[in-house]
Amino acid sequence: MRHLALCLSLTLMTAATAPDAAAQTAPTAPTATPQTATPFLFGDARPDAPELARRGSFAVGVRTVTLVNPGQPDLARAPQSGPVPRADRRLTVEVWYPTASGAKETVTYRDALTSGPAFTFEGRAARDAKPLSGQAFPLVIVSHGYTGSRVLMTYLTEHLASRGYVVAAIDHTDSTHDNRGPFNSTLVNRAPDINFTLDQLAKLGAPGSGSPLSGVVNASRTAVIGYSMGGYGALNAAGAGYAPKVAALLPGGTLTPRQTGAFTPDPRIRAAVAFAPWGGLSAARGLGVPTGEYGFWDAKGLEGLKVPTLFVVGDHDDVSGFEEGVKPLFEHAVNADRYLLVYQNARHNIAPNPAPALPGLSFADHEHYADPVWDSARLNNINQHFVTAFLNLTLKGDAGAAAYLNVPTPIAANATGQNAWKGFAPRTMLGLELYHLRPR
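Residues numbered from 1 in each chain as written. Predicted model: local features only at pLDDT ≥ 70, side-chain atom pairs only at ≥ 80, totals over all residues. Heavy atoms only, no water.

Details of helix α4 (residues 183-205)
Residues that lie three or four places apart on an α-helix share one face, since the helix turns once every 3.6 residues. Taking 1.5 Å of rise per residue, 23 residues should cover 33 Å, and α4 covers 32 Å from first to last C-alpha, within 8% of that figure. In α4, a bend of some 45° at Asn189 exceeds every other bend along the element, and Pro192, a proline, comes one to four places later. (Helix = DSSP H or I, 4+ residues; strand = E, 2+ residues; numbered from the N terminus. Expected span 1.5 Å × (residues − 1). Bend = angle between axes of the 7 residues up to and from the residue.)

Describing the confidence of the model for the protein chain
Per-chain confidence: the protein chain averages 92 in pLDDT, with 93% of residues scoring 70 or above. Confidence drops under pLDDT 50 across residues 1-24; counting only partners more than four residues distant or on other chains, this segment forms one contact. (pLDDT = per-residue confidence, 0-100. Contact = heavy atoms within 4.5 Å.)

A few points about the packing of helix α3 (residues 154-162) against helix α11 (residues 376-394)
Axis separation between α3 and α11 bottoms out at 10 Å; the angle between their running directions is 40°. One element, α3, and the other, α11, form an angle in the oblique class. As α3 runs across α11, the sense of the crossing is right-handed. Contacts between α3 and α11 pair Tyr155, Leu156, His159 and Leu160 from the former with Asn380, Asn383, Gln384, Val387, Thr388 and Leu391 from the latter. Here the contact of α3 with α11 is built from residues that sort into five nonpolar, five polar and no charged. (Axes fitted to C-alpha atoms, helices over the stretch in contact; angles between N-to-C directions. Parallel < 35°, antiparallel > 145°, perpendicular 65-115°, else oblique. Left-handed = near helix turned anticlockwise from the far one by under 90°. Nonpolar A, V, L, I, M, F, W, Y, C, P; charged D, E, K, R; others polar.)

Brief notes about the nonpolar core
One finds Val95, Leu139, Tyr232, Phe296, Trp297, Leu305 and Phe311 to be the most contacted residues of the largest nonpolar core, which totals 64 residues. Counting residues per element, this core draws most heavily on α4, at eight residues. If sequence neighbours within four positions are ignored, Leu305 has contacts with Leu235, Ala238, Gly239, Ala240, Phe311, Ala333, Asn335 and Ala336. Residues Val142, Tyr404, Val407 and Trp421 belong to the second largest nonpolar core, which totals 59 residues. (Core = buried A, V, L, I, M, F, W, Y, C linked by side-chain atoms within 4.5 Å. Buried < 20%, exposed > 50% of the residue type's maximum accessible area, 1.4 Å probe, protein only.)

Some thoughts on the pairing of strand β7 (residues 166-171)
Taking burial as the measure, the six residues of β7 include six buried ones, the bulk of the element. Side chains Val166, Ala168 and Ile170 of β7 all project onto a buried face; the interleaved residues Val167, Ala169 and Asp171 project onto the opposite face, where all are buried too. Of the strand pairs in this sheet, strand β2 (residues 86-99) and β7 are connected by five bridges, and their pairing is antiparallel. In the strand pairing of β7, Val95 is matched with Ala168. Where strand β6 (residues 137-143) lies against β7, five bridges are found, and the strand directions are parallel. Within β7, the residue paired with Val142 across the bridge is Ala169. (Pairing = 2+ DSSP bridges.)

A word on the packing of α4 against helix α5 (residues 229-237)
At a minimum axis separation of 8 Å, α4 and α5 run at an interaxial angle of 50°. Taken together, α4 and α5 sit at an angle that is classed as oblique. When the axes of α4 and α5 are compared, the crossing they make is right-handed. Residues Phe183, Thr186, Leu187, Arg190, Ala191, Ile194 and Asn195 of α4 form the contact with α5, whose own contacting residues are Met229, Gly230, Tyr232, Gly233, Ala234, Asn236 and Ala237. Along the lines of polarity and charge, the residues of the contact of α4 with α5 split into eight nonpolar, five polar and one charged.

See the structure below:
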(Lines give C-alpha, C1' and ligand atoms only; values in the text may rest on other atoms or scores of the structure.)
Protein backbone atom coordinates (compact mmCIF):
# COMPACT_ATOMS: atom_id res chain seq x y z
CA MET A 1 0.00 0.00 0.00
CA ARG A 2 2.86 2.39 0.85
CA HIS A 3 4.40 1.63 -2.57
CA LEU A 4 1.06 2.33 -4.31
CA ALA A 5 0.64 5.63 -2.48
CA LEU A 6 4.14 6.72 -3.42
CA CYS A 7 3.50 5.94 -7.08
CA LEU A 8 0.26 7.95 -7.04
CA SER A 9 1.99 10.90 -5.42
CA LEU A 10 4.76 10.92 -8.00
CA THR A 11 2.22 10.68 -10.80
CA LEU A 12 0.24 13.71 -9.52
CA MET A 13 3.41 15.74 -9.04
CA THR A 14 4.53 14.95 -12.60
CA ALA A 15 1.15 15.91 -14.00
CA ALA A 16 1.22 19.19 -12.13
CA THR A 17 4.72 20.23 -13.19
CA ALA A 18 5.24 18.70 -16.65
CA PRO A 19 4.29 20.71 -19.77
CA ASP A 20 0.95 19.69 -21.36
CA ALA A 21 2.06 18.20 -24.67
CA ALA A 22 -1.47 18.04 -26.02
CA ALA A 23 -2.05 21.69 -25.26
CA GLN A 24 1.19 22.63 -26.94
CA THR A 25 0.43 20.81 -30.17
CA ALA A 26 -3.32 21.56 -30.54
CA PRO A 27 -4.07 24.19 -33.21
CA THR A 28 -5.35 27.53 -32.01
CA ALA A 29 -9.10 27.86 -32.58
CA PRO A 30 -9.91 30.61 -35.09
CA THR A 31 -11.58 33.71 -33.70
CA ALA A 32 -15.24 33.70 -34.74
CA THR A 33 -16.32 36.68 -36.84
CA PRO A 34 -19.16 38.45 -35.01
CA GLN A 35 -22.45 38.67 -36.84
CA THR A 36 -23.67 42.06 -37.95
CA ALA A 37 -27.20 42.85 -36.90
CA THR A 38 -29.48 43.72 -39.80
CA PRO A 39 -31.94 46.58 -39.34
CA PHE A 40 -35.39 45.54 -38.19
CA LEU A 41 -37.86 47.20 -40.53
CA PHE A 42 -41.56 47.69 -39.94
CA GLY A 43 -43.31 44.41 -40.71
CA ASP A 44 -40.38 42.07 -40.23
CA ALA A 45 -41.35 38.88 -38.41
CA ARG A 46 -40.00 38.58 -34.88
CA PRO A 47 -38.87 35.13 -33.66
CA ASP A 48 -42.17 34.80 -31.78
CA ALA A 49 -44.32 35.86 -34.75
CA PRO A 50 -47.24 33.57 -35.64
CA GLU A 51 -46.94 31.51 -38.79
CA LEU A 52 -48.68 33.69 -41.36
CA ALA A 53 -46.71 36.78 -40.33
CA ARG A 54 -43.77 35.32 -42.25
CA ARG A 55 -43.26 37.13 -45.52
CA GLY A 56 -44.83 35.44 -48.53
CA SER A 57 -43.20 34.02 -51.63
CA PHE A 58 -43.65 37.06 -53.89
CA ALA A 59 -41.19 39.92 -54.21
CA VAL A 60 -42.94 43.26 -53.71
CA GLY A 61 -43.10 46.33 -55.94
CA VAL A 62 -44.61 49.69 -55.10
CA ARG A 63 -45.67 52.74 -57.06
CA THR A 64 -47.58 55.96 -56.44
CA VAL A 65 -50.77 56.73 -58.35
CA THR A 66 -52.68 60.02 -58.41
CA LEU A 67 -56.45 59.87 -58.84
CA VAL A 68 -58.89 62.75 -59.31
CA ASN A 69 -62.58 62.35 -58.49
CA PRO A 70 -64.45 65.23 -60.20
CA GLY A 71 -67.19 67.32 -58.65
CA GLN A 72 -67.13 66.11 -55.04
CA PRO A 73 -68.54 67.97 -52.00
CA ASP A 74 -65.83 70.37 -50.82
CA LEU A 75 -66.53 70.54 -47.10
CA ALA A 76 -63.13 72.06 -46.35
CA ARG A 77 -64.29 75.23 -48.08
CA ALA A 78 -68.00 75.07 -47.34
CA PRO A 79 -69.64 78.22 -45.89
CA GLN A 80 -71.38 78.21 -42.53
CA SER A 81 -74.71 77.97 -44.33
CA GLY A 82 -75.95 77.51 -47.84
CA PRO A 83 -75.05 75.01 -50.54
CA VAL A 84 -71.85 72.98 -50.21
CA PRO A 85 -69.46 73.81 -53.08
CA ARG A 86 -68.08 71.09 -55.28
CA ALA A 87 -64.54 70.59 -56.52
CA ASP A 88 -62.31 67.93 -58.00
CA ARG A 89 -61.02 65.69 -55.21
CA ARG A 90 -57.40 64.60 -55.56
CA LEU A 91 -56.30 61.33 -53.95
CA THR A 92 -52.74 60.05 -53.75
CA VAL A 93 -52.69 56.26 -53.61
CA GLU A 94 -49.75 53.97 -52.87
CA VAL A 95 -50.02 50.61 -54.62
CA TRP A 96 -48.08 47.50 -53.64
CA TYR A 97 -48.09 44.39 -55.85
CA PRO A 98 -46.19 41.18 -56.59
CA THR A 99 -43.18 41.68 -58.83
CA ALA A 100 -40.55 39.41 -60.36
CA SER A 101 -38.05 37.90 -57.93
CA GLY A 102 -34.64 39.48 -57.99
CA ALA A 103 -35.92 43.03 -57.65
CA LYS A 104 -34.05 45.01 -55.00
CA GLU A 105 -36.67 45.45 -52.31
CA THR A 106 -35.52 48.68 -50.71
CA VAL A 107 -37.69 51.76 -50.59
CA THR A 108 -37.89 54.99 -48.62
CA TYR A 109 -41.31 56.23 -47.54
CA ARG A 110 -42.10 59.78 -46.51
CA ASP A 111 -44.66 60.82 -43.90
CA ALA A 112 -45.23 63.63 -41.42
CA LEU A 113 -45.73 63.72 -37.69
CA THR A 114 -49.03 64.99 -36.33
CA SER A 115 -47.06 67.95 -34.97
CA GLY A 116 -45.95 68.82 -38.50
CA PRO A 117 -42.34 67.81 -39.26
CA ALA A 118 -41.74 65.34 -42.08
CA PHE A 119 -39.73 62.16 -41.66
CA THR A 120 -38.69 59.15 -43.74
CA PHE A 121 -38.43 55.45 -43.01
CA GLU A 122 -37.34 52.38 -44.91
CA GLY A 123 -39.44 49.53 -46.27
CA ARG A 124 -39.04 46.27 -48.14
CA ALA A 125 -40.40 46.96 -51.64
CA ALA A 126 -38.95 47.86 -55.03
CA ARG A 127 -39.99 51.32 -56.19
CA ASP A 128 -41.70 51.27 -59.63
CA ALA A 129 -40.72 47.65 -60.28
CA LYS A 130 -42.56 45.92 -63.10
CA PRO A 131 -45.59 43.97 -61.81
CA LEU A 132 -45.53 40.22 -62.16
CA SER A 133 -47.33 39.34 -65.38
CA GLY A 134 -49.58 36.44 -66.23
CA GLN A 135 -51.78 36.56 -63.13
CA ALA A 136 -54.41 38.91 -61.73
CA PHE A 137 -54.34 39.25 -57.93
CA PRO A 138 -57.21 40.12 -55.56
CA LEU A 139 -57.42 43.79 -54.63
CA VAL A 140 -57.18 45.18 -51.08
CA ILE A 141 -58.01 48.85 -50.39
CA VAL A 142 -56.64 50.39 -47.18
CA SER A 143 -58.08 53.47 -45.44
CA HIS A 144 -56.13 55.20 -42.66
CA GLY A 145 -57.31 56.98 -39.51
CA TYR A 146 -57.87 60.68 -38.81
CA THR A 147 -55.22 61.87 -39.13
CA GLY A 148 -53.04 59.34 -40.92
CA SER A 149 -51.49 58.57 -44.26
CA ARG A 150 -51.24 55.98 -47.00
CA VAL A 151 -47.98 54.68 -45.43
CA LEU A 152 -49.32 54.38 -41.88
CA MET A 153 -49.59 50.58 -42.19
CA THR A 154 -46.75 49.57 -44.51
CA TYR A 155 -46.04 46.54 -42.32
CA LEU A 156 -49.37 45.15 -43.54
CA THR A 157 -49.51 46.52 -47.09
CA GLU A 158 -46.07 45.14 -48.02
CA HIS A 159 -46.87 41.86 -46.31
CA LEU A 160 -50.13 41.30 -48.17
CA ALA A 161 -48.44 42.04 -51.51
CA SER A 162 -45.84 39.39 -50.68
CA ARG A 163 -48.75 37.00 -50.13
CA GLY A 164 -50.28 37.61 -53.55
CA TYR A 165 -52.51 40.69 -53.31
CA VAL A 166 -52.54 44.11 -54.96
CA VAL A 167 -52.86 46.61 -52.12
CA ALA A 168 -53.95 50.23 -52.63
CA ALA A 169 -53.66 52.59 -49.64
CA ILE A 170 -55.31 56.00 -49.91
CA ASP A 171 -54.19 59.41 -48.71
CA HIS A 172 -57.62 60.84 -47.85
CA THR A 173 -57.63 64.54 -48.66
CA ASP A 174 -58.39 66.73 -45.58
CA SER A 175 -57.51 63.81 -43.31
CA THR A 176 -53.75 63.22 -43.48
CA HIS A 177 -50.93 64.16 -41.12
CA ASP A 178 -49.93 67.07 -43.36
CA ASN A 179 -53.38 67.93 -44.73
CA ARG A 180 -55.80 68.12 -41.83
CA GLY A 181 -59.17 69.54 -42.76
CA PRO A 182 -62.55 69.73 -41.01
CA PHE A 183 -63.89 66.53 -39.50
CA ASN A 184 -67.05 66.80 -41.60
CA SER A 185 -64.96 66.13 -44.70
CA THR A 186 -63.71 62.88 -43.20
CA LEU A 187 -67.23 61.82 -42.19
CA VAL A 188 -68.55 62.36 -45.70
CA ASN A 189 -65.69 61.26 -47.93
CA ARG A 190 -64.37 58.00 -46.51
CA ALA A 191 -66.66 55.51 -48.24
CA PRO A 192 -66.82 57.47 -51.52
CA ASP A 193 -63.00 57.61 -51.60
CA ILE A 194 -62.89 53.83 -51.15
CA ASN A 195 -65.45 53.22 -53.88
CA PHE A 196 -63.75 55.61 -56.30
CA THR A 197 -60.35 54.00 -55.69
CA LEU A 198 -61.88 50.59 -56.37
CA ASP A 199 -63.30 51.84 -59.68
CA GLN A 200 -60.01 53.39 -60.74
CA LEU A 201 -57.84 50.42 -59.78
CA ALA A 202 -60.22 48.17 -61.69
CA LYS A 203 -59.69 50.34 -64.78
CA LEU A 204 -55.92 50.57 -64.35
CA GLY A 205 -55.68 46.83 -63.73
CA ALA A 206 -57.84 45.77 -66.67
CA PRO A 207 -56.06 44.02 -69.56
CA GLY A 208 -55.12 46.50 -72.27
CA SER A 209 -55.46 49.59 -70.05
CA GLY A 210 -51.99 50.84 -70.93
CA SER A 211 -51.18 51.21 -67.22
CA PRO A 212 -48.20 49.40 -65.67
CA LEU A 213 -50.83 47.61 -63.56
CA SER A 214 -52.65 46.28 -66.64
CA GLY A 215 -53.71 42.66 -66.22
CA VAL A 216 -52.52 42.51 -62.61
CA VAL A 217 -55.66 43.48 -60.63
CA ASN A 218 -58.64 41.21 -60.02
CA ALA A 219 -61.02 43.87 -58.72
CA SER A 220 -63.94 41.44 -58.77
CA ARG A 221 -62.49 40.07 -55.55
CA THR A 222 -61.83 43.11 -53.37
CA ALA A 223 -61.46 43.58 -49.62
CA VAL A 224 -61.53 46.88 -47.75
CA ILE A 225 -59.34 47.43 -44.67
CA GLY A 226 -59.83 50.45 -42.45
CA TYR A 227 -58.37 51.73 -39.21
CA SER A 228 -60.34 54.03 -36.89
CA MET A 229 -62.02 56.53 -39.25
CA GLY A 230 -60.93 54.20 -42.04
CA GLY A 231 -62.88 51.44 -40.28
CA TYR A 232 -65.91 53.74 -40.13
CA GLY A 233 -65.67 54.18 -43.91
CA ALA A 234 -64.82 50.57 -44.67
CA LEU A 235 -67.91 49.26 -42.86
CA ASN A 236 -70.10 51.69 -44.77
CA ALA A 237 -68.50 50.86 -48.11
CA ALA A 238 -69.09 47.18 -47.35
CA GLY A 239 -72.81 47.77 -46.73
CA ALA A 240 -73.42 49.11 -43.20
CA GLY A 241 -75.63 52.17 -43.80
CA TYR A 242 -75.48 55.13 -41.43
CA ALA A 243 -78.51 55.89 -39.26
CA PRO A 244 -80.75 58.49 -40.98
CA LYS A 245 -80.89 60.74 -37.89
CA VAL A 246 -77.08 61.00 -37.95
CA ALA A 247 -76.78 61.43 -41.71
CA ALA A 248 -79.24 64.33 -41.58
CA LEU A 249 -76.81 66.35 -39.43
CA LEU A 250 -74.19 66.84 -42.15
CA PRO A 251 -74.43 70.02 -44.24
CA GLY A 252 -76.18 69.96 -47.57
CA GLY A 253 -77.34 66.37 -47.15
CA THR A 254 -73.80 65.24 -48.04
CA LEU A 255 -73.97 62.09 -45.91
CA THR A 256 -77.50 61.02 -46.83
CA PRO A 257 -76.33 59.04 -49.90
CA ARG A 258 -74.55 56.72 -47.43
CA GLN A 259 -77.46 56.22 -45.04
CA THR A 260 -79.41 53.00 -44.61
CA GLY A 261 -81.45 52.16 -47.69
CA ALA A 262 -79.89 54.86 -49.89
CA PHE A 263 -77.20 52.81 -51.58
CA THR A 264 -76.26 49.34 -52.72
CA PRO A 265 -72.74 48.23 -51.77
CA ASP A 266 -70.37 47.46 -54.61
CA PRO A 267 -70.68 43.70 -55.23
CA ARG A 268 -66.95 43.51 -55.92
CA ILE A 269 -66.32 44.09 -52.21
CA ARG A 270 -66.21 40.55 -50.83
CA ALA A 271 -64.72 41.13 -47.34
CA ALA A 272 -63.94 43.85 -44.80
CA VAL A 273 -61.39 44.28 -42.00
CA ALA A 274 -62.19 46.98 -39.44
CA PHE A 275 -59.40 47.89 -37.01
CA ALA A 276 -60.86 49.82 -34.05
CA PRO A 277 -63.61 51.29 -36.26
CA TRP A 278 -64.79 54.70 -35.09
CA GLY A 279 -68.48 55.57 -35.04
CA GLY A 280 -69.92 53.30 -32.37
CA LEU A 281 -72.12 54.64 -29.59
CA SER A 282 -69.40 55.88 -27.20
CA ALA A 283 -67.48 57.60 -30.02
CA ALA A 284 -70.51 59.24 -31.61
CA ARG A 285 -71.87 60.34 -28.24
CA GLY A 286 -68.69 62.35 -27.80
CA LEU A 287 -69.79 64.60 -30.66
CA GLY A 288 -72.87 65.61 -28.69
CA VAL A 289 -75.29 64.81 -31.49
CA PRO A 290 -78.29 62.45 -31.80
CA THR A 291 -77.20 58.93 -32.62
CA GLY A 292 -78.60 55.67 -33.81
CA GLU A 293 -78.83 52.64 -31.54
CA TYR A 294 -75.17 51.91 -32.17
CA GLY A 295 -73.76 55.37 -32.75
CA PHE A 296 -73.57 56.22 -36.44
CA TRP A 297 -75.43 52.98 -37.12
CA ASP A 298 -78.78 51.57 -36.18
CA ALA A 299 -79.89 47.94 -36.27
CA LYS A 300 -81.17 48.23 -39.83
CA GLY A 301 -77.91 49.79 -40.98
CA LEU A 302 -75.78 47.03 -39.47
CA GLU A 303 -78.01 44.46 -41.12
CA GLY A 304 -76.74 45.82 -44.43
CA LEU A 305 -73.27 44.45 -43.73
CA LYS A 306 -73.41 41.05 -45.43
CA VAL A 307 -69.82 40.30 -46.41
CA PRO A 308 -67.42 38.41 -44.12
CA THR A 309 -65.90 40.90 -41.69
CA LEU A 310 -62.97 40.81 -39.28
CA PHE A 311 -63.18 43.30 -36.41
CA VAL A 312 -59.97 43.98 -34.45
CA VAL A 313 -60.00 46.00 -31.22
CA GLY A 314 -58.38 46.56 -27.84
CA ASP A 315 -60.73 45.98 -24.93
CA HIS A 316 -59.58 49.27 -23.36
CA ASP A 317 -60.02 51.32 -26.54
CA ASP A 318 -60.52 54.90 -25.37
CA VAL A 319 -61.28 56.38 -28.80
CA SER A 320 -63.68 54.02 -30.55
CA GLY A 321 -64.80 52.27 -27.39
CA PHE A 322 -65.24 48.57 -26.74
CA GLU A 323 -68.32 47.65 -24.67
CA GLU A 324 -70.30 50.56 -26.16
CA GLY A 325 -68.25 50.80 -29.31
CA VAL A 326 -66.82 48.04 -31.47
CA LYS A 327 -68.23 45.01 -29.65
CA PRO A 328 -71.90 45.90 -30.36
CA LEU A 329 -71.07 46.51 -34.02
CA PHE A 330 -69.68 42.98 -34.18
CA GLU A 331 -72.64 41.50 -32.32
CA HIS A 332 -75.37 43.25 -34.32
CA ALA A 333 -74.00 42.90 -37.85
CA VAL A 334 -76.25 39.86 -37.90
CA ASN A 335 -76.12 39.14 -41.64
CA ALA A 336 -72.32 38.90 -41.82
CA ASP A 337 -70.05 35.96 -41.13
CA ARG A 338 -67.84 37.84 -38.69
CA TYR A 339 -64.85 37.54 -36.38
CA LEU A 340 -63.74 39.66 -33.43
CA LEU A 341 -60.04 39.69 -32.49
CA VAL A 342 -59.51 41.31 -29.09
CA TYR A 343 -56.21 42.53 -27.65
CA GLN A 344 -56.61 42.42 -23.89
CA ASN A 345 -55.66 45.68 -22.13
CA ALA A 346 -54.89 47.44 -25.43
CA ARG A 347 -56.21 50.88 -26.24
CA HIS A 348 -56.83 52.37 -29.68
CA ASN A 349 -53.48 52.21 -31.50
CA ILE A 350 -53.49 48.55 -32.46
CA ALA A 351 -53.04 49.00 -36.21
CA PRO A 352 -50.28 51.50 -37.17
CA ASN A 353 -46.61 50.98 -37.83
CA PRO A 354 -44.43 51.46 -34.75
CA ALA A 355 -43.53 55.03 -33.85
CA PRO A 356 -40.63 56.35 -35.94
CA ALA A 357 -37.28 56.20 -34.18
CA LEU A 358 -36.61 59.94 -34.26
CA PRO A 359 -34.48 61.86 -31.75
CA GLY A 360 -36.53 64.05 -29.47
CA LEU A 361 -39.86 62.52 -30.49
CA SER A 362 -42.55 64.09 -28.34
CA PHE A 363 -44.91 62.07 -26.23
CA ALA A 364 -47.87 63.20 -28.35
CA ASP A 365 -46.21 62.08 -31.59
CA HIS A 366 -45.12 58.79 -30.03
CA GLU A 367 -48.58 58.14 -28.60
CA HIS A 368 -50.14 58.55 -32.05
CA TYR A 369 -48.58 55.18 -32.94
CA ALA A 370 -47.90 53.29 -29.74
CA ASP A 371 -50.00 51.28 -27.30
CA PRO A 372 -49.09 51.63 -23.60
CA VAL A 373 -49.20 47.85 -23.01
CA TRP A 374 -48.55 46.00 -26.27
CA ASP A 375 -45.33 46.16 -28.27
CA SER A 376 -46.14 47.62 -31.69
CA ALA A 377 -44.03 45.12 -33.66
CA ARG A 378 -45.81 42.30 -31.85
CA LEU A 379 -49.22 43.80 -32.71
CA ASN A 380 -48.10 44.14 -36.33
CA ASN A 381 -47.12 40.47 -36.59
CA ILE A 382 -50.38 39.24 -35.09
CA ASN A 383 -52.36 41.51 -37.42
CA GLN A 384 -50.40 40.18 -40.41
CA HIS A 385 -51.18 36.61 -39.37
CA PHE A 386 -54.93 37.00 -38.92
CA VAL A 387 -55.56 39.37 -41.83
CA THR A 388 -53.66 37.01 -44.14
CA ALA A 389 -55.71 34.04 -42.95
CA PHE A 390 -58.97 36.00 -43.28
CA LEU A 391 -58.25 37.26 -46.80
CA ASN A 392 -56.93 33.89 -47.96
CA LEU A 393 -60.24 32.40 -46.84
CA THR A 394 -62.59 35.09 -48.14
CA LEU A 395 -60.88 36.33 -51.32
CA LYS A 396 -58.91 33.29 -52.45
CA GLY A 397 -61.26 30.57 -51.24
CA ASP A 398 -58.49 28.81 -49.29
CA ALA A 399 -60.53 26.52 -47.06
CA GLY A 400 -57.44 25.58 -45.07
CA ALA A 401 -57.14 29.18 -43.82
CA ALA A 402 -60.26 28.70 -41.69
CA ALA A 403 -58.23 26.65 -39.20
CA TYR A 404 -56.31 29.79 -38.22
CA LEU A 405 -59.55 31.64 -37.46
CA ASN A 406 -61.87 29.04 -35.97
CA VAL A 407 -59.84 28.61 -32.81
CA PRO A 408 -60.70 25.82 -30.33
CA THR A 409 -61.01 28.18 -27.37
CA PRO A 410 -61.79 31.89 -27.73
CA ILE A 411 -59.59 33.10 -24.86
CA ALA A 412 -55.94 32.36 -25.51
CA ALA A 413 -55.00 32.26 -21.81
CA ASN A 414 -56.66 28.83 -21.76
CA ALA A 415 -55.21 27.72 -25.10
CA THR A 416 -52.74 24.98 -24.23
CA GLY A 417 -52.12 21.50 -25.57
CA GLN A 418 -54.78 20.50 -28.05
CA ASN A 419 -56.49 23.87 -27.53
CA ALA A 420 -53.51 25.80 -28.87
CA TRP A 421 -54.28 28.21 -31.70
CA LYS A 422 -52.97 27.14 -35.09
CA GLY A 423 -49.85 28.99 -36.15
CA PHE A 424 -48.79 30.14 -32.67
CA ALA A 425 -45.79 28.81 -30.79
CA PRO A 426 -46.32 27.75 -27.15
CA ARG A 427 -46.67 30.63 -24.67
CA THR A 428 -47.17 33.26 -27.40
CA MET A 429 -50.98 33.58 -27.38
CA LEU A 430 -51.46 35.22 -23.99
CA GLY A 431 -53.59 38.35 -24.10
CA LEU A 432 -55.63 37.43 -27.18
CA GLU A 433 -59.29 36.61 -27.69
CA LEU A 434 -60.95 35.56 -30.93
CA TYR A 435 -64.71 35.14 -31.43
CA HIS A 436 -66.75 33.99 -34.42
CA LEU A 437 -70.43 34.63 -35.12
CA ARG A 438 -72.15 33.23 -38.19
CA PRO A 439 -74.88 35.08 -40.09
CA ARG A 440 -78.39 34.45 -38.84
